[in-house]
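# Examining the three-dimensional arrangement
Residue-level listing of the chains:
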Amino acid sequence: QVQLVESGGGLVQPGGSLRLSCAASGSILSITTMGWYRQAPGKQRELVASITNRGNPNYADSVKGRFTVSRDNAKMTVYLQMNSLKSEDTAVYYCNADLWASAAGGYRNYWGQGTQVTVSS
């Protein structure tokens, strides 16, 4: 069974930093794009950042220059380094990946369970 497990969320003061990690596990043949979405209370889930298996990143305008997405293909792990955090970054952050599990007939999209990030003084 494929799982995406996030870690690294928590409470941080404005201007602070956090690093999120998401590790994929299970019988996985291939992973293409991995990324992070977030959902704040009363708002729709939105893309924060993504990265292809070749290392090409994509960022939401609201986080450009503050967040950095990276991945370790050997560990099937994606990271999100978040600096200069603002109160408006408060949300549940979800890991997302397009991957081919051995039991599947092709690439499918998977979600992690989410990790809370709260930016507050």
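Structure: above.
A short tour of the structure in this document, coming up. (Residues numbered from 1 in each chain as written. Predicted model: local features only at pLDDT ≥ 70, side-chain atom pairs only at ≥ 80, totals over all residues. Heavy atoms only, no water.)

## Quick word on the layout of surface pockets
Put simply, the largest pocket is a space of about 190 Å³. As for the largest pocket, its lining consists of 14 residues, and the residues nearest its centre are Arg-38, Ala-40, Lys-43, Glu-46 and Glu-88. When the residues that make up the lining of the largest pocket are grouped by side-chain class, the tally is two nonpolar, five polar and seven charged. (1 Å grid on protein atoms, 1.4 Å probe; cavity = no way out; pocket = protein on both sides within 12 Å on 5 of 7 lines; lining within 4 Å. Points joined across faces, edges and corners; volume = space filled by probe spheres on them. Nonpolar A, V, L, I, M, F, W, Y, C, P; charged D, E, K, R; others polar.)

## Focus: the pattern of salt bridges
All chains considered together, the criterion is met by four salt bridges. A salt bridge links Arg-38 to Glu-46, with the nearest nitrogen and oxygen atoms 2.8 Å apart. Across the pair Arg-38 and Asp-89 runs a salt bridge whose closest N-O atoms are separated by 3.0 Å. One end of the pair, Arg-38, is in strand 4 (residues 28-39); the other, Asp-89, is in the loop between strand 8 (77-82) and strand 9 (91-101), with 51 residues separating them in the sequence. For the pair Arg-38 and Asp-89, a shared accessibility class is recorded, and that class is buried. A single network of salt bridges, built from pairs that share partners, joins Arg-38, Glu-46, Arg-66 and Asp-89. (Salt bridge = Lys/Arg side-chain N within 4 Å of Asp/Glu carboxyl O. Helix = DSSP H or I, 4+ residues; strand = E, 2+ residues; numbered from the N terminus. Buried < 20%, exposed > 50% of the residue type's maximum accessible area, 1.4 Å probe, protein only.)

## Looking at the sheet that holds strand 1 (residues 3-7)
The four strands lie next to each other as 1-3-8-7, forming an open sheet whose pairing is antiparallel. In the strand order of this sheet, the two ends are held by strand 1 and strand 7 (67-72), each with one partner. Across the sheet, the axes of successive neighbouring strands diverge by a mean angle of 15°, strand direction being ignored. Two elements, strand 1 and strand 3 (residues 18-25), share five bridges in a ladder whose sense is antiparallel. (Pairing = 2+ DSSP bridges. Axes fitted to C-alpha atoms, helices over the stretch in contact; angles between N-to-C directions.)

## A word on the nonpolar core
Counting residues in hydrophobic clusters, the biggest one holds 33 residues, and the most contacted among them are Trp-36, Leu-80, Met-82, Tyr-93 and Leu-99. Listing elements by their share of this core, those giving two or more residues are strand 3, strand 4, strand 5 (46-51), strand 7, strand 8, strand 9 and strand 11 (115-119). Take this core: its biggest share by element is six residues, from strand 9. Look past the residues within four positions of Leu-80 in its chain and what remains in contact with it is Leu-18, Arg-19, Leu-20, Trp-36, Val-48, Ala-49, Phe-67, Thr-68, Val-69 and Tyr-93. (Core = buried A, V, L, I, M, F, W, Y, C linked by side-chain atoms within 4.5 Å. Contact = heavy atoms within 4.5 Å.)

## A word on the state of the cysteines
Applying the stated criterion across every chain, the model contains one disulfide. Each sulfur of the disulfide joining Cys-22 and Cys-95 lies 2.0 Å from the other. Measuring the twist about the S-S bond at about -80°, one finds the Cys-22-Cys-95 disulfide to be left-handed. Here Cys-22, found in strand 3, pairs with Cys-95, found in strand 9; they are 73 residues apart in sequence, far enough to count as distant. Judged on exposure class, the residue Cys-22 and its partner Cys-95 are both buried. (Disulfide = S-S within 2.5 Å.)

## Things to note about the pairing of strand 5
Pairing analysis gives five bridges linking strand 4 to strand 5, with the strands arranged antiparallel. Residue Tyr-37 lies in a different strand from strand 5, and its bridge partner there is Leu-47. Between strand 4 and strand 5, which pair antiparallel and follow one another directly, the connecting turn spans six residues, one of which, Gly-42, has a positive phi of 80°. Note that strand 5 and strand 6 (residues 57-59) share three bridges and pair antiparallel. Within the sheet, the bridge partner assigned to Ile-51 lies in strand 6 and is Pro-57.

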